[in-house]
Amino acid sequence: RLEKTILSRLNELDAYSVYQFVYSFSKFNLGYSGGSQNFYEQMLTLVQKNWGGYNNAEKSRLLYAYASRKLLNEKLQKDLLNPWLSQEMQHLNYAEIANVAWILLITNCQDKETWKQFVFNLSHQEQICPLIFYYPIKTARYWIEHLYPKWNLNYYKDNCFQAERYFNLMNQKIADKVNQQQYISFLRLILSNTKLKFLADCDFENIFKIDLAINTHKVGILTLTDKDLISGTQLVRPHVEVKQKVLETCGWGMITLQYRQFLEIPANQRGPWLDEQVEKLLKKGEADLAEAEVLEKEIAMDNIYGRIVSTLSKRELAYEVRKAEEEEEGEDEENNDEDDKSARRLDRL
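Description of the structure in this document. Model, not experiment: these values are computed from the prediction. (Residues numbered from 1 in each chain as written. Predicted model: local features only at pLDDT ≥ 70, side-chain atom pairs only at ≥ 80, totals over all residues. Heavy atoms only, no water.)

## As for the pairing of strand 2 (residues 208-214)
- Burial analysis of strand 2 places 7 of its 7 residues in the buried class, which makes it a mostly covered element.
- Pairing analysis gives 5 bridges linking strand 1 (residues 199-204) to strand 2, with the strands arranged antiparallel. The partner of Asp203 across the bridge, within strand 2, is Lys209.
- Between strand 1 and strand 2, which follow one another and run antiparallel, lie 3 residues, and Glu205 among them has a positive phi close to 50°.
- Judged from the 3 bridges that link them, strand 2 and strand 3 (residues 219-224) form a sheet pairing that is antiparallel. The partner of Leu212 across the bridge, within strand 3, is Ile221.
- The hairpin formed by strand 2 and strand 3 contains 4 residues between the paired strands, and Lys218 there has a positive phi angle of roughly 55°. (Buried < 20%, exposed > 50% of the residue type's maximum accessible area, 1.4 Å probe, protein only. Helix = DSSP H or I, 4+ residues; strand = E, 2+ residues; numbered from the N terminus. Pairing = 2+ DSSP bridges.)

Structure (structure tokens):
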């Protein structure tokens, strides 16, 4: 009813009212967006019309609202997001940069210059990161480390030290989901349909909760209830997709199960289908583990001859070093013998 009333009076809305309605709807349901896609699309014309009159806080919230609905397309990024970031990125505070973090993650940004300016901002903030804004900033750091593993993020991490110290994902971010009857029922349904042993509510580095996991092989299941869908659609919330994407960059094999879609699978086929999907990832996990063991043995270092010694176990490496030292000692003894012989010849002369 509220949505219909607003849309029926679009011509009467000023810039501030447009901002307030769009932002309020994006946080409508305990932080989850509400309203229909049509509402955001109808309001977009007014957002674009008044864009120049908004401040950084308002722009970050408006762009976040459209990103969270998967409506921040390439044209809007080109017309609104990119020009704004190129001009104002260095002037954003933590509240604004937290919104930008979500926007860049949701839009799958891989532009090096944009992320460089993002890191510069967080590395040069005069104050430490407030706990309330830390979650998207921490999530962004994992994505940045994946894209640019050689970047120095020490100042970034230092400004977030206190936030990391007190941040507790398990208490703060999922309390509402754990209390959902649908979520609990879904977990019970999955566990009753599989022969595999899963760990429930697995904490990954105090940033993500994996609903069901086999830690030894880094295989996990993300369960999607109705609350994980964009309201009025069957689209998965982009925050869930960001979570899956970042976990996969950290070496996890992930399966996403949607509650109602899982129920549509015939009861006698759910177990075999699920086990087949998980076992594929387990095999891949075993291959990745074997590769990791090989990589651990590949020690690269300069020996005394300047050669690179690689693919050696610690024992083999120690043997090679000891052998090289003995060869050097042998050469020293030969040199000493030659020196002694030379000295005796001089004495005879």
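## Considerations on empty space enclosed by the protein
- Tallied over the entire structure, the rule returns 2 cavities of 30 Å³ or more.
- For the largest cavity, the calculated volume is near 60 Å³.
- What lines the largest cavity is a set of 10 residues, among which Tyr32, Ser33, Ser68, Arg237 and His239 lie closest to the centre.
- Of all the secondary structure elements, the ones that give two or more residues to the lining of the largest cavity are helix 4 (56-68) and helix 14 (238-249).
- In this model, the second largest cavity occupies a volume close to 30 Å³. (1 Å grid on protein atoms, 1.4 Å probe; cavity = no way out; pocket = protein on both sides within 12 Å on 5 of 7 lines; lining within 4 Å. Points joined across faces, edges and corners; volume = space filled by probe spheres on them.)

## A few points about the environment of Lys209
- Within the secondary structure layout, Lys209 lies in strand 2.
- Here Lys209 falls in the buried class, since its relative accessible area comes to 3%.

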